[in-house]
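Given next are the chains, with one letter for each unit.
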Amino acid sequence: MTLVETLRFALRGVAANKLRSALTMLGILIGVAAVILLVAVGNGSAQAITSRIEALGTNTLTVTGTNRGAGSGGLTVDVADALADPVLAPDVRSVSPLVSTSATITYQGAEHEVGQFVGTRPSWFDASNSPVASGTAFSADDEAQGRRVVVVGSTVVDELFAGVEPIGQQVTVGGALFTVVGVLAPKSTTGFQDANDMVVAPLRAVREVLTGYGALSSILVEAKNPEQVEAVQTQIGTVLAQRLPSTGAGGTPYRIQNAAQLLQTQTETAETFTVLLGAVAAISLLVGGIGITNIMLVTVTERTREIGIRKALGARRRTILVQFLTEATLLSLIGGALGVAAALVGSRFSIVGVRPLIVPSSVVLALGVSVAIGLFFGGLPAARAARLRPIDALRYE
């Protein structure tokens, strides 16, 4: 048989029972679409994390507390101020102590839960690459006096101030009134956390109203230029070693990470997450392959007499084998192609807050695996059909 004749027979076999073939292809469709979309979610999440870390700039370092020894309780405002020492840390441009919490903001009866209510100093806006789009940032005097003023993100504006100019409005947070003095410039958000759903206020005011005067959440240190980041890391490590000595277990109650280290760590985590998602989705492809085996076994059983007649007329074992393998592969190929189409449509929507990022390699891999599944799982039924003796096939009722 020629290739054209083989394909024609395969198409006729697939079309002989449209419902059964459609259900088989549906299993492959779901598997392929799941693999592509879940890998795309992992890639989208990784891109979002990378963008947010890179947005901090390449000249920032973050000091956080650990759970060992003195723990994060060692991070105080005095420690933060010590990191700006011009003698011990001459390459430091700015130091921004931070406390962060979640809070409910109320405006004229409307409420909004903010996941990031940050208390810090004015230097944070430049160090974190978070410019103010309208209004103004709070000043050093506002922070020193503990004035209750806030700069809000664009999501907060959309949720509370629809159709209203937010600058000058008063909101209630933790039972206290805060005045909106500025709105942050929007940031691109493709990850699980909305980068625009945040509020920034003077450190002293946030500690008075919300967090208390306990430990700082972190300290953001800005180097004078990217080339001095390593030097700054050494300098602040020296200061911290004096202020926060090592614990009895030999560890330190703090951790220093620069943007490059954070990016590497987050990238490795995101890659592991992507592989895990792809592996979970691949199980659905395996289920689809088992479905192909079942359907093809039923098909072989139903067409036993046809096989007997064809072999009696001189059809070779290889011809029968290729015919049924082609049918199985055709089922998986059509299902895979439909799965790719479904994944491309699904990638236009956010999934669990992440905009999927489809890469061509995942499409090629998923489609290739679907074809391989057709060949592998169709092999058993095809071999069974090819082994039938003509006399036994013709006697089959």
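Note that the structure is predicted; figures quoted are calculated from it, not measured.

What counts, and at which threshold
Residues numbered from 1 in each chain as written. Predicted model: local features only at pLDDT ≥ 70, side-chain atom pairs only at ≥ 80, totals over all residues. Heavy atoms only, no water. 1 Å grid on protein atoms, 1.4 Å probe; cavity = no way out; pocket = protein on both sides within 12 Å on 5 of 7 lines; lining within 4 Å. Points joined across faces, edges and corners; volume = space filled by probe spheres on them. Helix = DSSP H or I, 4+ residues; strand = E, 2+ residues; numbered from the N terminus. Nonpolar A, V, L, I, M, F, W, Y, C, P; charged D, E, K, R; others polar. Core = buried A, V, L, I, M, F, W, Y, C linked by side-chain atoms within 4.5 Å. Buried < 20%, exposed > 50% of the residue type's maximum accessible area, 1.4 Å probe, protein only. Contact = heavy atoms within 4.5 Å. Phe/Tyr/Trp six-rings, centres within 6.5 Å; stacked < 30°, edge-to-face > 60°.

Asks: How would you summarise the layout of surface pockets if you had to cite specific residues and measurements?
Replies: Space inside the second largest pocket adds up to approximately 160 Å³. Lining the second largest pocket are Val 35, Val 39, Gly 278, Ala 282, Leu 285, Ser 361, Ser 362, Leu 365, Ala 366 and Val 369. When residues of the lining of the second largest pocket are traced back to their parent elements, those giving at least two are helix 2 (18–55), helix 9 (259–302) and helix 12 (360–387). At 5 residues, helix 12 tops the list of elements feeding residues into the lining of the second largest pocket.

Asks: Describe empty space enclosed by the protein, with residues and values.
Replies: A complete count under the given rule lists 2 cavities of 30 Å³ or more for this structure. Considering only enclosed or pocket space, the second largest cavity measures out at about 40 Å³ in volume. In terms of lining, the second largest cavity is formed by Gly 153, Ser 154, Leu 184, Ala 185, Lys 187, Ala 195, Asn 196 and Met 198. A breakdown of the residues in the lining of the second largest cavity according to their chemical character gives 4 nonpolar, 3 polar and 1 charged.

Asks: Run through the nonpolar core, naming residues and quoting values.
Replies: In this structure, Val 63, Ile 219 and Val 221 are the most contacted members of the largest nonpolar core, which totals 47 residues. Not counting the four nearest positions on each side in its chain, Val 63 is found in contact with Leu 75, Leu 83, Ser 218, Ile 219, Val 221, Ile 236, Leu 240, Tyr 254, Arg 255 and Ile 256. Membership of the second largest hydrophobic core comes to 25 residues, among which are Ile 28, Val 39, Val 340 and Ile 373.

Asks: Now, about the packing of aromatic side chains: what can you tell me, with residues and values included?
Replies: The final tally for this structure, using the stated rule, is 4 aromatic pairs. On the numbers, 4.6 Å between centres and 55 degrees between planes, the contact of Tyr 107 with Phe 161 is tilted. Taken as a pair, Tyr 107 in strand 2 (residues 92–107) and Phe 161 in the loop between helix 6 (154–160) and strand 6 (170–173) lie far apart in primary sequence, 54 residues in all. Owing to a relative accessible area of 7%, Tyr 107 belongs among the buried residues under this scheme. Through pairs of rings, three or more aromatic residues link up here, namely Trp 124, Phe 125 and Phe 138.

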